[in-house]
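Close look at the chain arrangement
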Amino acid sequence: PEGRPIHAVSDGTVRIAAESASYGNYIILEHADGLCSLYAHCKKLLVQTGAPIKAGETIAQVGETGAAIGTHLHLELWRAGKLLNPEDYIAL
């Protein structure tokens, strides 16, 4: 639902907290072992670039910004330029 908290998948640092036409309000976190996580279409960003983040910390709110169709969280995980399946890294 819109406004629901979005939590960081792991400890890391905010590489980008910004807005784009496609992703809307989005955040990219850098984690250990070269892992990066992207959270897009956020209603509101609650962190700033450069901030240290702990696993589970609330970093944003679910929304429908950018080129989103419907309220949702767009989550991507990357390592070494390869897109990963988020289900392999988060507890459902």
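Above this text is the structure in question.
Summarised in this report is the structure supplied together with it. (Residues numbered from 1 in each chain as written. Predicted model: local features only at pLDDT ≥ 70, side-chain atom pairs only at ≥ 80, totals over all residues. Heavy atoms only, no water.)

**Focus: the pairing of strand E4 (residues 35–45)**
Sheet faces and side chains relate simply in a regular strand, where the side chains alternate between the two faces. Counted residue by residue, E4 has 8 buried out of 11 residues, so it is predominantly covered. Bridge analysis of strand E3 (residues 24–30) against E4 gives 5 bridges, and the strand direction is antiparallel. If you follow isoleucine 28 over to E4, its bridge partner there is leucine 38. The antiparallel pairing of E3 with E4 creates a hairpin that spans 4 residues between the two strands, and aspartate 33 there sits at a positive phi of about 60°. As paired elements, E4 and strand E7 (residues 74–79) share 6 bridges and run antiparallel to each other. Its bridge partner being in E7, tyrosine 39 is matched across the sheet by leucine 75. (Buried < 20%, exposed > 50% of the residue type's maximum accessible area, 1.4 Å probe, protein only. Helix = DSSP H or I, 4+ residues; strand = E, 2+ residues; numbered from the N terminus. Pairing = 2+ DSSP bridges.)

**Describing the side chain of histidine 31**
With respect to the element layout, histidine 31 can be found in the loop between E3 and E4. A residue is classified by how much of its surface remains accessible, and histidine 31, at 9% relative accessible area, is buried. Reaching out from histidine 31, the side chain makes a polar contact with the backbone oxygen of serine 10 at a distance of 3.3 Å. Other than its neighbours up to four places away in sequence, histidine 31 contacts Val9, Ser10, Asp11, Gly12, Cys36, Ser37 and Tyr39. (Polar contact = N/O pair within 3.5 Å; in protein donor to acceptor, adjacent residues only side chain to side chain. Contact = heavy atoms within 4.5 Å.)

**Focus: the side chain of histidine 41**
On the secondary structure map, histidine 41 appears in strand E4. Only 2.7 Å separates the side chain of histidine 41 from the backbone oxygen of threonine 65, close enough to count as a polar contact. Excluding anything up to four places from it in sequence, histidine 41 contacts Ser22, Tyr23, Gly24, Asn25, Val62, Gly63, Glu64, Thr65, Ala67, Ala68, His72 and His74.

**Describing the pattern of salt bridges**
Summed over all chains, the structure comprises 2 salt bridges. The salt bridge involving lysine 43 is made with glutamate 2; its shortest N-O contact spans 3.7 Å. Of this pair, lysine 43 sits in strand E4 while glutamate 2 sits in the segment before strand E1 (5–7); the two residues are 41 residues apart in sequence, bridging distant segments of the chain. Overall, lysine 43 belongs to the partly exposed group, its relative accessible area being 43%. Across the pair glutamate 30 and arginine 15 runs a salt bridge, and its minimum N-O distance is 3.5 Å. In this pair, glutamate 30 sits in strand E3 while arginine 15 sits in strand E2 (residues 12–20), placing the two residues 15 residues apart along the sequence. Overall, the relative accessible area of 37% leaves glutamate 30 in the partly exposed class. (Salt bridge = Lys/Arg side-chain N within 4 Å of Asp/Glu carboxyl O.)

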